[in-house]
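These are the residues of each chain, in order.
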Amino acid sequence: MRKIILNLAISLDGYIEGANGEYDWCIMDDDMGFGAFFNRFDAAFYGRKSYQLFGNQNPETFSNDAEREAYEQMQGIKKYVFSDTLKEVNSGDTLIHSHNLIEKVNELKSQQGKDIWLFGGSSLVSTFVNLDLVDEYELGLHPIILGAGKPLFIDIKKREYLKLISSKPTKSGVVMLTYVPDRK
């Protein structure tokens, strides 16, 4: 069965974007293994805001080759968009409404394929955490304190105990942390 892997950059103080929605603080270097990362997935789950933000990005504006390469690899992954307000998504992408979320997610998990990347944002992540749908948490802990912004987790309904299965510091100071749920 395919796994749902939450993988996001997070600041030391727990934010996934700055106070104005910015993510320019995210470090992307080749020591972080983006090629191997993208080879693990053939599908990604997006919330409406994340989908609209990253679906309209212009790769020419990226500041380095790692950012451009990551964006290009993201374009080869099948996108599933969770939204009750969007009426349509780009050709080839799939729109999923909340009334059939669990059914659709379990159907996708049972299909043949690679793991599924839970890209975000925080509302979608929290929904998946609350429904026990996250199989693995991979967080890139960035060496920055933002002071304000959007937290990774909002409106979590219960404690989720996690077990650390790996940690890897990178040359840029980002620490890659991988946890699995420790459901007792």
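Please refer to the structure higher up on the page.
Everything numeric in this text was worked out from a predicted model, so none of it was measured.

1. Let's talk about the nonpolar core
Grouped burial of nonpolar side chains is what soluble globular proteins tend to show. Core analysis: the biggest nonpolar cluster contains 24 residues, and Ile4, Leu6, Phe45, Phe82, Val105, Leu118 and Phe128 have the highest contact counts within it. If you list the elements that add at least two residues to this core, you get β1 (4-11), β3 (41-47), β4 (78-82), α4 (101-110), β6 (115-120), α5 (122-130) and β7 (136-142). Discounting chain neighbours no more than four positions away, the residues touching Val105 are Ile4, Phe45, Phe82, Phe128 and Leu133. One finds Phe38, Met74, Val89 and Trp117 within the second-largest nonpolar core, a separate group that totals 14 residues.

2. Overview of α4
Restricting attention to buried positions, one finds in α4 the residues Leu101, Lys104, Val105, Leu108 and Lys109. What you see down the axis of α4 is that its buried residues fit within an arc of 135 degrees, all on one side. Looking at the buried side of α4, the elements it contacts are β1, β3, β4, β5 (94-96), β6 and α5.

3. Regarding α5
All of the buried residues in α5 are Ser122, Leu124, Val125, Ser126, Phe128 and Val129. In the segment just after α5, Asp132 is the residue with positive phi, at about 55 degrees.

Calculation notes
- Residues numbered from 1 in each chain as written.
- Predicted model: local features only at pLDDT ≥ 70, side-chain atom pairs only at ≥ 80, totals over all residues.
- Heavy atoms only, no water.
- Core = buried A, V, L, I, M, F, W, Y, C linked by side-chain atoms within 4.5 Å.
- Buried < 20%, exposed > 50% of the residue type's maximum accessible area, 1.4 Å probe, protein only.
- Helix = DSSP H or I, 4+ residues; strand = E, 2+ residues; numbered from the N terminus.
- Contact = heavy atoms within 4.5 Å.
- Arc of directions from axis to C-beta.

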